[in-house]
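Examination of the molecular architecture
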Protein chains: 2
Amino acid sequence: MKSIIKNWNHIFKLDPDKKISDDHLAKICSSGTDAIMVGGSSGITYENTYDLFSRIQQYSIPTILEVSNQDAIVIGFDLYMIPIVLNASDAEWIIGNHQRAIKKYGDIMPWENILTEAYVSLNPDATVTKVTNASTDLNEEDVLSYARCAEQLFHMPIFYVEYSGVFGNIAMLKNVKKVLTNTQFFYGGGINNIQKALMAAKVADTIIVGNAIYNDIELAIETVKIKDEMPKQ
Amino acid sequence: MKSIIKNWNHIFKLDPDKKISDDHLAKICSSGTDAIMVGGSSGITYENTYDLFSRIQQYSIPTILEVSNQDAIVIGFDLYMIPIVLNASDAEWIIGNHQRAIKKYGDIMPWENILTEAYVSLNPDATVTKVTNASTDLNEEDVLSYARCAEQLFHMPIFYVEYSGVFGNIAMLKNVKKVLTNTQFFYGGGINNIQKALMAAKVADTIIVGNAIYNDIELAIETVKIKDEMPKQ
């Protein structure tokens, strides 16, 4: 199951703590996107995660739970992605929380469906940055070295640069891609129209569209068109 | 080169900050051990590392540098092992130092000869514990969950339990081995005679003998006999 992500260019990310109408959800799930990721940085509970998952399940689209809270793990997702926040100042967000979750659930964790994301949060105002006390005062060389840590030291399947609502530095992202070989490059942040989606999709392996869903659903849906431009695999 | 470690059951670990006579070094390097690791937790400099490496190089034995200080990296070792201290309280010893070293040297690092060690330090009095502010108040379930983090989250090639001079809890180590599949299990600490070496070698894939070299060279050399007991690969 894990290797399926290699074919994914576009993912919509839904936040259990935000409201979405049935109509908008139908548009997202039928858009042609490769997968729906469920995740957020605050207000995530078992109840709102389960509720959103149940609604998405009506569509035949791969589902991912991005785990941020061990009390909000809902069974049934196709994949589980576990963020390791590489630029967190506190070891809690690199291994502490993870070790405790594994201590509790290690015997029953479906490892064949679990992927780790080496996460770098670059927007100083983002909730994830504040929650994890991440250092965003990073230059290009810092980000490239985190990418190399992800691939070479930790052999993680995903390197995820998240600008959370702000569109990133494309020249820098292009250089990130150059230092990655086996690790898949996810980019998220500020993709709110097809132009930005195309720019991001040219440098990252997979783009994540989140906030745009809640701000302008039609523009968000248009970002799926990047798939027509990508090489078929 | 990296896969060679799968055949290693016994490693002698030499500390550049400790004196060893030519006679004792000859005994160690000609003992039949699988490799010589060079590393320590304090007083490691480029000069003492280079000096020890030059002396070992006279023998035809695989050499490993366990990197703890980016100013003491000597070129020419067969393998470089980079410890990631999983139970460190400070992110510096999990990724901080590593990220800065990669930022500086990433372009020229010989990745094909570099292995990461997922390190858990369990002796509260050990220098490495103090330097990394590692939490050693861990029960068996904690150690097993760190082992799973090493293999399942970080896909690291080595899980290294280090008791630093104290002989570990064999029943616990046996359970560590059970949760590891691809990740190789290194054990070090308190192996100062053949009996302890045999006990440790029955549960770990590879045992590391360090302090005993400096305390009783003859007993240290005897620990290599565990290789006669191990299945040939």
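Remember, it's a predicted structure, so these values are computed and weren't measured experimentally. (Residues numbered from 1 in each chain as written. Chains lettered and ligands numbered in written order. Predicted model: local features only at pLDDT ≥ 70, side-chain atom pairs only at ≥ 80, totals over all residues. Heavy atoms only, no water.)

Inspection of the entire model under this criterion finds 18 salt bridges over all chains. A salt bridge links Lys103 of chain B to Asp142 of chain A, with the shortest nitrogen-to-oxygen separation between them at 3.0 Å. You can see Lys103 of chain B sitting in helix H3 (residues 96-105) and its partner Asp142 of chain A sitting in helix H5 (residues 140-153), one on each of two chains. Taking the relative accessible area as the measure of exposure, Asp142 of chain A reaches 9% and is therefore buried. The partner of Glu92 of chain B in a salt bridge is Arg100 of chain B, with the nearest N and O atoms 2.6 Å apart. Take Glu92 of chain B: its relative accessible area is 25%, and that puts it in the partly exposed class. Arg100 of chain B sits in the partly exposed class, given a relative accessible area of 40%. (Salt bridge = Lys/Arg side-chain N within 4 Å of Asp/Glu carboxyl O. Helix = DSSP H or I, 4+ residues; strand = E, 2+ residues; numbered from the N terminus. Buried < 20%, exposed > 50% of the residue type's maximum accessible area, 1.4 Å probe, protein only.)

We now examine helix H5 (residues 140-153) of chain B. Relative to the 20 Å expected for 14 residues at 1.5 Å per residue, H5 of chain B spans 19 Å between its end C-alpha atoms, a close match to the ideal helical length. Burial analysis of H5 of chain B places eleven of its 14 residues in the buried class, which makes it a mostly covered element. Buried residues belonging to H5 of chain B abut strand E4 (79-85), helix H3 (96-105) and strand E5 (114-121) of chain A together with strand E5 (114-121), strand E6 (158-162) and helix H6 (170-179) of chain B. Looking at the residues trailing H5 of chain B, positive phi occurs at His155 of chain B, about 50 degrees. (Expected span 1.5 Å × (residues − 1). Contact = heavy atoms within 4.5 Å.)

With that settled, the discussion passes to the relation of the copies chain B and chain A. The relation between the two chain copies is a rotation about an axis coupled with a shift along that axis. Each copy of the sequence occupies a distinct position, and chain B is placed on chain A by a rotation of 180 degrees and an axial shift of 0.0 Å, giving an RMSD of 0.0 Å. What we have between these two chains is a two-fold relation. (Least-squares fit on C-alpha atoms with pLDDT ≥ 70 in both.)

Attention now moves to the environment of Ile95 of chain A. Looking at the secondary structure, you find Ile95 of chain A in the loop between E4 and H3. For the pair formed by Ile95 of chain A and Ile213 of chain A, sequence separation is 118 residues and the distance between their alpha carbons is 31 Å. In this structure, Ile95 of chain A is in contact with Leu86, Ile94, Tyr146, Cys149 and Phe154 of chain B, ignoring residues within four places of it in sequence.

Further remarks concern the environment of Ile102 of chain B. Structurally, Ile102 of chain B is set in helix H3. Considered as a pair, Ile102 of chain B and Met199 of chain B are 97 residues apart in the sequence and their alpha carbons are 38 Å apart. Sequence-distant contacts of Ile102 of chain B, that is, excluding residues within four places in its chain, are made with Ser145, Arg148, Cys149 and Leu153 of chain A together with Met109 and Trp111 of chain B.

Where H3 of chain B is concerned, the buried positions are Gly96, His98, Gln99, Ala101 and Ile102 of chain B. The secondary structure elements touched by the buried residues of H3 of chain B are H5 of chain A together with strand E4 (79-85) of chain B.

As a further point, take the UniProt feature "binding site: sn-glycerol 1-phosphate" (unreviewed entry) in chain A. All names here are of chain A. Under the present numbering, the feature "binding site: sn-glycerol 1-phosphate" (unreviewed entry) in UniProt falls on Lys13, Tyr160, Val161, Glu162, Tyr163, Ser164, Gly165, Gly190, Gly210 and Asn211. For Gly165, the position within the fold is in the loop between strand E6 (158-162) and helix H6 (170-179). Other than its neighbours up to four places away in sequence, Gly165 contacts Gly189, Gly190 and Asn211. If we skip the residues at most four places from it in the chain, Asn211 touches Lys18, Ser164 and Gly165. (UniProt positions renumbered as here; feature names shortened; annotations may be inferred.)

Another point: the interface of chain B and chain A. Across the boundary between the two partners, chain B contributes 30 residues, which contact 30 residues of chain A. Area buried by chain B at its contact with chain A is led by Ile95, Leu153 and Phe154 of chain B, which between them contribute 23% of it. Counting the contacts that link chain B with chain A gives four salt bridges. Taken together, chain B and chain A are joined by ten residue pairs in polar contact (both at pLDDT 80 or more). Secondary structure elements with two or more residues in the side of chain B that touches chain A: E4, H3 and H5 of chain B. Looking at the side of chain B that touches chain A element by element, the count peaks at eight residues for H5 of chain B. (Buried area = accessible area lost by both parts, 1.4 Å probe. Polar contact = N/O pair within 3.5 Å; in protein donor to acceptor, adjacent residues only side chain to side chain.)

Quick look at the UniProt feature "binding site: Mg(2+)" (unreviewed entry) in chain A now. Residue and element names in this part refer to chain A. Sequence positions flagged by UniProt for "binding site: Mg(2+)" (unreviewed entry) are, in local numbering, Asp15 and Ser41. On the basis of their most widely separated C-alpha atoms, the annotated residues across 27 residues gather in one place, lying no more than 8.5 Å apart. Mapped onto the elements, Asp15 comes out in the loop between strand E1 (10-14) and helix H1 (22-29). Here the side chain of Asp15 touches Asp17 through a polar contact of 2.8 Å, landing on its backbone nitrogen. On the secondary structure map, Ser41 appears in the loop between strand E2 (35-38) and helix H2 (46-56). Excluding its chain neighbours within four sequence positions, the residues that come into contact with Ser41 are Thr127, Val128 and Val131.

In regular strands, side chains alternate between the two faces of the sheet. Residue and element names in this part refer to chain B. The element strand E7 (residues 184-188) is largely enclosed, with a buried count of five among its five residues. Bridge count between E6 and E7: five bridges; the pairing is parallel. Each bridged residue has a counterpart across the sheet, and for Tyr160 the counterpart in E7 is Phe186. For the handedness criterion, the β-α-β arrangement of E6, H6 and E7 is classed as right-handed. Examined bridge by bridge, E7 and strand E8 (residues 206-209) share three bridges and lie parallel to one another. (Pairing = 2+ DSSP bridges. Right-handed = clockwise from strand over helix to strand, strands pointing away.)

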